[in-house]
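# Coordinate inspection notes
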Amino acid sequence: MVHMRRSMLLPVVLAATMTITACSSGDAGQRSESAHGPARPYAGTPESGGNETRTDEDAASTFGVDVDTASYGYARRLIRDGRLPERSEVRPEEFVNSFRQDYAEPAGDGFAVHVDGARLPETHRAEADERIMRVGLQTRSEDRESRPDAALTFVIDVSGSMGEAGRLDLVQDALHTLVDQLRPTDSIAIVEFSTRARVVREMTPVSDARQLHTAIDSLGPQDSTNLEAGLVLGYQVARDGFRTGKTNRVIVLSDGLANTGNTESEPILRRVRAEAEKQIALLGVGVGSEYGDQLMEQLADRGDGFAVYVSERDQARKVFVQQLPATLSVRALDAKVQVTFEKSTVRSYRLIGYDNRAIADEDFRDDRVDGGEVGPGHSVTALYAVRLADGASSSARVARVQVRWTDPKDREPAEAYESVTAADLDRDFAEASPRLRTCYAAAYFAVALRGGGEARLGDLATIADRAAEATEDADVRDLGRVIREAERLR
């Protein structure tokens, strides 16, 4: 059961949101070894999957919600091109959150909180007392007709590097399709940038589709990449076309390879801070075989938005035609999660991912501290590796998970929470939800790419394949193929 309440509640310790990790429960000495040899012990480094934290030192894990998925999309593109991503470009939470979860939705705005878990698979190298714990958040979806009208300002990179096939041409195709799918009462503005920025089309109702299609067709690759100039002008146009009570967004489409003007996120965002402050959120869409992943991710996170990556026409159309219109409005602002573990039940825990989203435990209820923005129908998932205390009762509570957010309508804070027991984490991995098994495969694929050795790629591919059979999900089936391609590249 999910409990919800307004912020005037008695302080509650804990509750955490999304990230990915795993734990296991059989005797490590009994685990089977694959044909690829034994897995290496997990080092617990930040580069691979995060540090283990003892509950007697810090029982609470707190972080800001993040719905980015660009890291997995870009890694997938590189692997299919025959290259492994740099370890610094791999963010496990974005691998996990790239896949559908099927969580039940809440009846109203805000979040439904779901917590479950399992023993680790026999192929995983872990101690016998470890379990995998999944924390899931879900917002209520919204149909096309009930959402507010949108005013979207597209800031499009037309630098020379965007002339490569699969960059500007892909963006133009997706934009043409989007114009034909939005409502006549929505509006679009288009700004292009290379060495300088220029308004190609001021805020225009979608009912005037011909003018918008003409503007999209006029885009062509030019000179350098002055992302700062593009965003500054883009936010000016968005502010000029701001529609009170509607959804106002700036959407930057770029390979993120800024080389003119400021090339770091913080100086750029300082130029647009006033407009971006909770009124005009930023969505980053990355393209290209060479991609400035870190810059785009930081811009989106600090601009109260999120980042995705597309490399194929079908992907781009899915993002712009299916996902974008369905998530234009906002369900929750400044969403933060805190998971509080029971010291008598849990010896230690490890959260995988969300490395740059950590928040001080005491700031969980400080609404001045930035969290994450989440739209309709979004799910967020985090995995924890949990080591149970000796003799822990099956009925004992393992953790309490709490999420806090600001309601976008009245700007009032609200919270939801859920608890999980040791029995909830004790099912055999093979009997766990196929969506949880997908999370495990995606998370530990990321950990392996970052240098961790708890799970072998061949075993993870097999787990993804079996989850795909159970879900009939083409994206999960593709995950198995990508993991095998990565194994061949190592």
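You'll find the structure just up there.
These numbers come from a predicted model, not from an experiment.

## Some remarks on the environment of Arg 411
Note on placement: Arg 411 falls in the loop between strand 16 (397–406) and strand 17 (413–421). Here the alpha-carbon distance between Arg 411 and Leu 333, two residues 78 residues apart in the chain, equals 8.4 Å.

## Points about the pairing of strand 3 (residues 60–64)
Where burial is concerned, most of strand 3 is hidden: 5 out of the 5 residues are buried. Across the two faces of strand 3 the burial is the same, with Ala 60, Thr 62 and Gly 64 and Ser 61 and Phe 63 all buried. As paired strands, strand 3 and strand 12 (residues 332–341) are joined by 5 bridges and run antiparallel to one another. Each residue of the ladder has a partner; that of Thr 62, found in strand 12, is Gln 338.

## Some words on the layout of surface pockets
Approximately 530 Å³ is the volume found for the second largest pocket. Taken together, 26 residues form the lining of the second largest pocket, with Gly 245, Lys 246, Thr 247, Val 330 and Pro 408 sitting closest to its centre. With 3 residues, the top contributor of residues to the lining of the second largest pocket is strand 9 (residues 247–254).

## A few points about unusual backbone geometry
Although it is not a glycine, Tyr 354 sits at a positive phi angle of roughly 55°. Structurally, Tyr 354 is set in the loop between strand 13 (346–351) and strand 14 (372–374). Notably, Arg 411 is not glycine yet its phi reads approximately 60°, a positive angle. By relative accessible area, Arg 411 is classed as partly exposed at 44%.

Each value, and the rule that gives it
- Residues numbered from 1 in each chain as written.
- Predicted model: local features only at pLDDT ≥ 70, side-chain atom pairs only at ≥ 80, totals over all residues.
- Heavy atoms only, no water.
- Helix = DSSP H or I, 4+ residues; strand = E, 2+ residues; numbered from the N terminus.
- Buried < 20%, exposed > 50% of the residue type's maximum accessible area, 1.4 Å probe, protein only.
- Pairing = 2+ DSSP bridges.
- 1 Å grid on protein atoms, 1.4 Å probe; cavity = no way out; pocket = protein on both sides within 12 Å on 5 of 7 lines; lining within 4 Å.
- Points joined across faces, edges and corners; volume = space filled by probe spheres on them.

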